[in-house]
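# Architecture at a glance
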Number of protein chains: 2
Amino acid sequence: MEPVPMLLAMTYRAMGDQFHDRLRQIGLEPLRPAHGYVFRFLKEKRATTVDIGQHLGVTKQAAAKIVNELDDWGYVLREPHPTDKRAQYVTLTTKGRDYLKLADNLWSDLENEMAEAIGEDTLATIRQGLAAYLRHVHGEDQPGLRPVW
Amino acid sequence: MEPVPMLLAMTYRAMGDQFHDRLRQIGLEPLRPAHGYVFRFLKEKRATTVDIGQHLGVTKQAAAKIVNELDDWGYVLREPHPTDKRAQYVTLTTKGRDYLKLADNLWSDLENEMAEAIGEDTLATIRQGLAAYLRHVHGEDQPGLRPVW
DNA sequence: CCAAAGTAGTCAACCAAGTTGTCTAAGCCT
DNA sequence: AGGCTTAGACAACTTGGTTGACTACTTTGG
């Protein structure tokens, strides 16, 4: 019997490949999964580069590189932290929020197709099951988002 | 709502991290996920380096590097292909098969813990659902095993 | 049957995306 | 005040892949 992680990896890749293909037809900058996850994170909470690194599961230096790219491309900008003069908040620009909307549409297309293929209830069970497992293993503090190969 | 791939990535990482931690306590060579997946692949079918690369979703050169490491460490050996003088079959040594057994035990421990946490039936649904989706998207030809970050 | 096209494996150069280590300036804590 | 911690930046390095080129062998089609 195949280990579950293999199924997870293959499904992750299958979905990611499709997403990437559809995205490429639109012809934006070469955004990687990490960039998208940063957008999603920034939509929820104000965050510094260090926060982002922690969320992705990489060092702050690696996170800084990603933030720099997003800045260069105009998806985010930095604004001074109100109380801490060392820190900067990274915030989404309009371009960033637009991208996020587009990506959300693509993802929901893909999930609808998945629901159609395996059943809506099955998909819901997968969602809830994985979320429950994650809560079980780590408490509130989430694991890194980046799959370690 | 969080996209499903994020859940997949986080669960993959959570399980992989635990596996790695437990494995490290035993103190073997620094085997990465790819190595394990190669063992599992070789157990099923005779394969060349090119086959392995395809299975992992990397180039044959990258696969060759992995096979070389496994060879150096004594987990696999190469034997001449019966009909094609260019090719070599990569086969598991006893050490390789032993590792695979050990890994299988660790994985089944982890899956049992998962089943306990989220319910055996939920885990079964996840298994079947993901497998069904993969069959739906790709036919028989599997996607790469390696998650693309 | 032979020539052209394709394939397995290897070598080498390169690249992307992380890492560790170091430093400065700023904050925090008794 | 003084000592520890932290955000961010810079640099050197590592890892794990890539592309490209080449040899030896195999397959295919006229």
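What comes next is a walk through the structure. (Residues numbered from 1 in each chain as written. Chains lettered and ligands numbered in written order. Predicted model: local features only at pLDDT ≥ 70, side-chain atom pairs only at ≥ 80, totals over all residues. Heavy atoms only, no water.)

## Some thoughts on the interface of chain A and chain B
Listed by partner, the interface residues are 50 residues for chain A and 49 residues for chain B. For the pairing of chain A and chain B, the buried interface totals around 5,500 Å² over both sides, and the portion due to carbon and sulfur atoms is 79%. When residues of chain A are sorted by the area they lose upon contact with chain B, Arg13, Tyr133 and Trp149 of chain A head the list and together hold 17% of the total. Our count for the contact surface shared by chain A and chain B stands at 8 residue pairs in polar contact (both at pLDDT 80 or more). When residues of the side of chain A that touches chain B are traced back to their parent elements, those giving at least two are α1 (4-26), α2 (33-44), α5 (94-118) and α6 (120-137) of chain A. Grouping the constituent residues of the side of chain A that touches chain B by class yields 33 nonpolar, 10 polar and 7 charged. (Contact = heavy atoms within 4.5 Å. Buried area = accessible area lost by both parts, 1.4 Å probe. Polar contact = N/O pair within 3.5 Å; in protein donor to acceptor, adjacent residues only side chain to side chain. Helix = DSSP H or I, 4+ residues; strand = E, 2+ residues; numbered from the N terminus. Nonpolar A, V, L, I, M, F, W, Y, C, P; charged D, E, K, R; others polar.)

## Describing the protein's contact with DNA strand C
Inspection of the region around DNA strand C gives 19 residues, with Thr59, Gln61 and Lys85 of chain A together with Lys60 and Arg86 of chain B positioned closest. Backbone polar atom of Lys85 of chain A to a phosphate oxygen of DNA strand C: 2.6 Å apart, as the coordinates give it. Breaking the surface near DNA strand C down by element, the ones donating at least two residues are α4 (60-72) of chain A together with α3 (49-56) and α4 (60-73) of chain B. When residues of the surface near DNA strand C are assigned to their parent elements, the largest contribution, 3 residues, is made by α4 of chain A. Across the surface near DNA strand C, the residue classes tally to 5 nonpolar, 7 polar and 7 charged. (Near = heavy atom within 4 Å.)

## As for the layout of surface pockets
Over the atoms rolls a probe the size of a water molecule, and in doing so it shows where empty space is left. Roughly 600 Å³ of internal volume is contained in the largest pocket. Every residue lining the largest pocket is counted, 24 residues in all, and those nearest its centre are Arg40, Glu44 and His55 of chain A together with Glu2 and Met6 of chain B. For the lining of the largest pocket, the elements supplying multiple residues, two or more each, are α2, α3 (49-56) and α5 of chain A together with α1 (4-26) of chain B. A per-class count over the lining of the largest pocket returns 10 nonpolar, 4 polar and 10 charged. Looking at the second largest pocket, its volume works out to about 490 Å³. Lining the second largest pocket are 20 residues, with Met1, Glu2 and Pro3 of chain A together with Arg40 and Glu44 of chain B sitting closest to its centre. The element contributing the most residues to the lining of the second largest pocket is helix α5 (residues 94-118) of chain B, with 6 residues. (1 Å grid on protein atoms, 1.4 Å probe; cavity = no way out; pocket = protein on both sides within 12 Å on 5 of 7 lines; lining within 4 Å. Points joined across faces, edges and corners; volume = space filled by probe spheres on them.)

## What to know about the protein's contact with DNA strand D
Neighbouring DNA strand D are 20 residues, the closest being Lys60, Arg86 and Trp149 of chain A together with Thr59 and Gln61 of chain B. Considering the 4 Å shell around the protein, atoms of DNA strand D inside it are sugar or phosphate in 59% of instances. A distance of 2.8 Å separates a base nitrogen of DNA strand D from a polar side-chain atom of Lys65 of chain B. Taken together, the elements giving at least two residues each to the surface near DNA strand D come down to α3 and α4 of chain A together with α4 of chain B. Residue composition of the surface near DNA strand D, by class: 5 nonpolar, 7 polar and 8 charged.

Purely geometric numbers; function is a separate question.
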